[in-house]
Number of protein chains: 2
Amino acid sequence: MLIGICEDDPTIRRLVSQAMGFAGHEVLSAHNGGEALRLFGADSAVDVLVMDIGLPDSDGRDVTQALRSAGQVAPVVFLTALGSVHDKLSGFGAGGDDYLAKPFDVKELIARVEALGRRGRPTSHDPSGLVLNPATHGIRSESGQVLLTPTEFRMLAAITSRPGEVVRRRTVVAAAWPDGAVVNENTIDSFIRRIRTKLDSIGSPVTIQTVRGVGFRLL
Amino acid sequence: MLIGICEDDPTIRRLVSQAMGFAGHEVLSAHNGGEALRLFGADSAVDVLVMDIGLPDSDGRDVTQALRSAGQVAPVVFLTALGSVHDKLSGFGAGGDDYLAKPFDVKELIARVEALGRRGRPTSHDPSGLVLNPATHGIRSESGQVLLTPTEFRMLAAITSRPGEVVRRRTVVAAAWPDGAVVNENTIDSFIRRIRTKLDSIGSPVTIQTVRGVGFRLL
DNA sequence: CACCGGCATTCAGGTTGTTGGCATGGTCGG
DNA sequence: CCGACCATGCCAACAACCTGAATGCCGGTG
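My aim in this report is to walk through the structure given alongside it, one point at a time. Per chain, residue numbering runs from 1 following the sequence as it is written. Chains and ligands are labelled sequentially in the order written, the chains with letters from A and the ligands with numbers from 1. Totals for whole chains, interfaces and linings use all residues, but because this is a predicted model, local features are given only for residues with pLDDT of at least 70 and pairs of side-chain atoms are given and counted only at 80 or more. Side-chain calculation: all heavy atoms of the structure are included, whereas hydrogens and water are not.

Right, let's talk about the sheet that holds strand β2 (residues 26–30) of chain B for a bit. Residue and element names in this part refer to chain B. Should DSSP find at least two bridges between two strands, the strands are taken to pair. Helix numbers and strand numbers start at the N terminus; a helix is a DSSP run of H or I with at least 4 residues, a strand a run of E with at least 2. Spatially, β2-β1-β3-β4-β5 is the arrangement adopted by the five strands of the open sheet, whose pairing is parallel. The open sheet is flanked by β2 and β5 (98–101), the only strands paired with a single partner. Going from strand to strand, the sheet's axes swing by 20° on average, the running direction of each strand aside. Lying over the sheet, helix α3 (residues 60–69) contacts β3 (48–52) and β4 (76–80), oriented at roughly 150° with respect to β3. Every axis in this analysis is a line fitted to C-alpha atoms, fitted for helices over the stretch in contact. Angles between the N-to-C directions lie between 0 and 180 degrees. Contacts are residue-level and defined by heavy atoms, with any inter-residue pair within 4.5 Å sufficient.

This is the structure we're talking about:
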């Protein structure tokens, strides 16, 4: 895996880099927020980001949000000297996926990073390598990544949960509108269309096939 | 899972619906036998049916048999106010798979429903090695698989529900057009032909034999 | 408060797969 | 050998679906 690190303290940076190297991962490191924005944009292939919250030039949460709006969907682990619940929550609010208070055990960091990187169906190992990130509503394949809207994401999640199998329209609706809202049939098609557009905007190898009169399936 | 419930008592209906929702299942509910026949036909994707025996307009066992001959193969749990052994046996005789006496514990109902749902996943009880999947309208044999259209699927389901036995033309019609539509005799042949074509496009070992003047039979 | 941008929803029109039925030719039973 | 029944190929109508664009609905911003 390729891990992106944004951390101003050189000691921690080197420590983490070495440990990741031992664990078999590559590391790309940034010293501050500005560098992070350059290195970890949407075209960067990092699998997981490790982000210090207390950066010299900015707040790691702001950097993360900037990266998100630039299209970066990789999961993020925040590092911070502050251990309060409030900070933890604001970390998640900023689109973070995990949180670790300094001082931390390097092994724990590695474990969490690897867990995030693995995330994707453990059961139905989908052959496409399409990874959905619930924290950010982002999806990524080998060839790119893109952010989905909440409804788009729920809908796609329902379909990818059974790759290769047909998912009924009714099921897709139940997943996309959990409150049981009644929507025009056409609305479903509109969403499917936009998802398809986004899928192939990142050159994804997977496609959503429609099975007339039944539903959709991931191929 | 998609659970179909047929129960006239609104209290029980709501109770069960909510509980199923909590357990992560979708629910489709019918108030009486007639509605059940419309909602839970062969093209319905229900994974398990919960059927009250004491319905206002009919007997749940009769409804179940009607659904069976319409090609519905999902397992059924019967609910009843009567707890006698006799009723229990007649429930099994009607093609039921489990039995629960009122008043019942909702947790127990959920447990049984889930057990049945897991047990017969791609449901079809036919010995020929042909597997029908109601959720996807797909059929599979050792040698391959195809997707059928909704009408094709209902028709084939009716025939495979009695492998080896002759199914009358009128029975096939009733299964394929549950709304009681009147169709040209020739239309049946057209569909049979399409099904046959798809069957041998996957090199299926089973074939549909026509019994002149009577109907069809799976061999 | 007016404006803007993103999201959800709906509409209208074109496109395609499914249906149901026709015409034709074959096959079976008497 | 004839009529009833079934198989086959084909086509028109329809419903399901796709597509592009317009509308309404917030939450944030100047």
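All right, on to the protein's contact with DNA strand D then. A single heavy atom is enough: if one lies within 4 Å of a molecule or strand, its residue is considered near that molecule or strand. Inspection of the region around DNA strand D gives 16 residues, with Arg193, Arg196, Thr210 and Arg212 of chain A together with Arg196 of chain B positioned closest. Within the side chain of Arg169 of chain A, a nitrogen or oxygen atom sits 3.3 Å from a phosphate oxygen of DNA strand D. Side-chain atoms alone can form a polar contact between residues adjacent in sequence; in general such a contact is a pair of N or O atoms within 3.5 Å, and within protein one must be able to donate a hydrogen while the other accepts it. Arg193 of chain B places a polar side-chain atom, nitrogen or oxygen, 2.9 Å from a phosphate oxygen of DNA strand D. Counting only elements with at least two residues in the surface near DNA strand D, the list comes to α8 (185–201) of chain A together with α8 (185–201) of chain B. Amino acids outside the nonpolar list (Ala, Val, Leu, Ile, Met, Phe, Trp, Tyr, Cys, Pro) and the charged list (Asp, Glu, Lys, Arg) are all regarded as polar, and Gly is one of them. When its residues are assigned to classes, the surface near DNA strand D shows no nonpolar, six polar and ten charged.

Residue and element names in this part refer to chain A. Here we have three strands laid out as an open sheet, ordered β9-β11-β10, and antiparallel in their pairing. Two strands in the sheet have a free side with no partner beyond their single neighbour: β9 (166–168) and β10 (208–211). Averaged over neighbouring strand pairs, the angle between their axes works out to 35° when direction is ignored. Pairing geometry for β10 and strand β11 (residues 215–218), over four bridges, is antiparallel. Considered in β11, the bridge of Gln209 is made with Arg217. Contacts from helix α7 (residues 169–176) reach β9 and β11 within the one sheet, and its direction differs from that of β9 by about 70°. Where α8 meets the sheet, its contacts fall on β10 and β11, and the angle it forms with β10 comes to roughly 150°.

Attention now moves to the nonpolar core. To define a nonpolar core, start from buried Ala, Val, Leu, Ile, Met, Phe, Trp, Tyr and Cys residues and group those joined through side-chain atoms within 4.5 Å. Whether a residue is buried, partly exposed or exposed follows from its accessible area with a 1.4 Å probe, protein chains only, as a fraction of its type maximum: under 20%, in between, or over 50%, in that order. By size, the foremost hydrophobic cluster in this structure holds 26 residues, and its most contacted members are Ile139, Met155 and Ile208 of chain B. Sequence-distant contacts of Met155 of chain B, defined by excluding residues within four places in its chain, comprise Val172, Ala176, Trp177, Ile188, Phe191, Ile192 and Ile195 of chain B. Ranked by size, the runner-up nonpolar core spans 24 residues in total, among them Leu148, Ile202, Val206 and Phe216 of chain A.

Turning our eyes to something else, we now look at the packing of helix α6 (residues 150–160) of chain B against α8 of chain B. Residues and elements named next belong to chain B. The contact between α6 and α8 brings their axes to 10 Å, and the two run at 85°. Taken together, the axes of α6 and α8 lie roughly perpendicular to each other. From α6, Thr151, Glu152, Met155, Leu156 and Ile159 reach across to α8, where they touch Ile188, Phe191, Ile192, Arg194, Ile195 and Lys198. Class assignment for the residues of the contact of α6 with α8 results in seven nonpolar, one polar and three charged. Angle categories are assigned with fixed cut-offs, so that under 35 degrees is roughly parallel, over 145 is roughly antiparallel, 65 to 115 is roughly perpendicular, and the rest are oblique.

What follows covers unusual backbone geometry. In the Ramachandran plot, His137 of chain B falls in the positive-phi region, its phi being about 60° despite a non-glycine side chain. You can see His137 of chain B is positioned in the loop between β6 (131–133) and β7 (138–141).

What follows deals with the protein's contact with DNA strand C. Around DNA strand C, 23 residues are found, and the nearest of them are Thr149, Thr151 and Arg194 of chain A together with Thr149 and Arg194 of chain B. A breakdown of the atoms of DNA strand C within 4 Å of the protein gives sugar and phosphate a share of 58%. Within the side chain of Arg212 of chain A, one N or O atom sits 2.8 Å away from a base oxygen of DNA strand C. At a separation of 2.4 Å, a phosphate oxygen of DNA strand C approaches a polar side-chain atom of Thr149 of chain B. Secondary structure elements with two or more residues in the surface near DNA strand C: α6 (150–160) and α8 of chain A together with α6 and α8 of chain B. Considering only residue class, the surface near DNA strand C consists of seven nonpolar, twelve polar and four charged.

Listed per partner, the contact involves eleven residues of chain A and twelve residues of chain B. In total, chain A and chain B occlude about 890 Å² of area from one another, counting both sides; carbon and sulfur atoms represent 54% of this. Once two parts are put together, the accessible area they lose, assessed with a 1.4 Å probe and summed over both, is termed the buried area. Among the residues chain A hides against chain B, the three largest losses belong to Val166, Arg168 and Arg170 of chain A. Together they make up 50% of the total. Basic side-chain nitrogens of Lys or Arg form a salt bridge, by our definition, when they fall within 4 Å of a carboxyl oxygen of Asp or Glu. On the surface where chain A and chain B come into contact, there are zero salt bridges. Linking chain A with chain B are one residue pair in polar contact (both at pLDDT 80 or more), by the criterion used here. At the level of elements, β9 and α7 of chain A are the ones that each hand at least two residues to the side of chain A that touches chain B. The greatest single-element share of the side of chain A that touches chain B, amounting to three residues, is contributed by α7 of chain A. Counted by class, the side of chain A that touches chain B contains four nonpolar, two polar and five charged residues.

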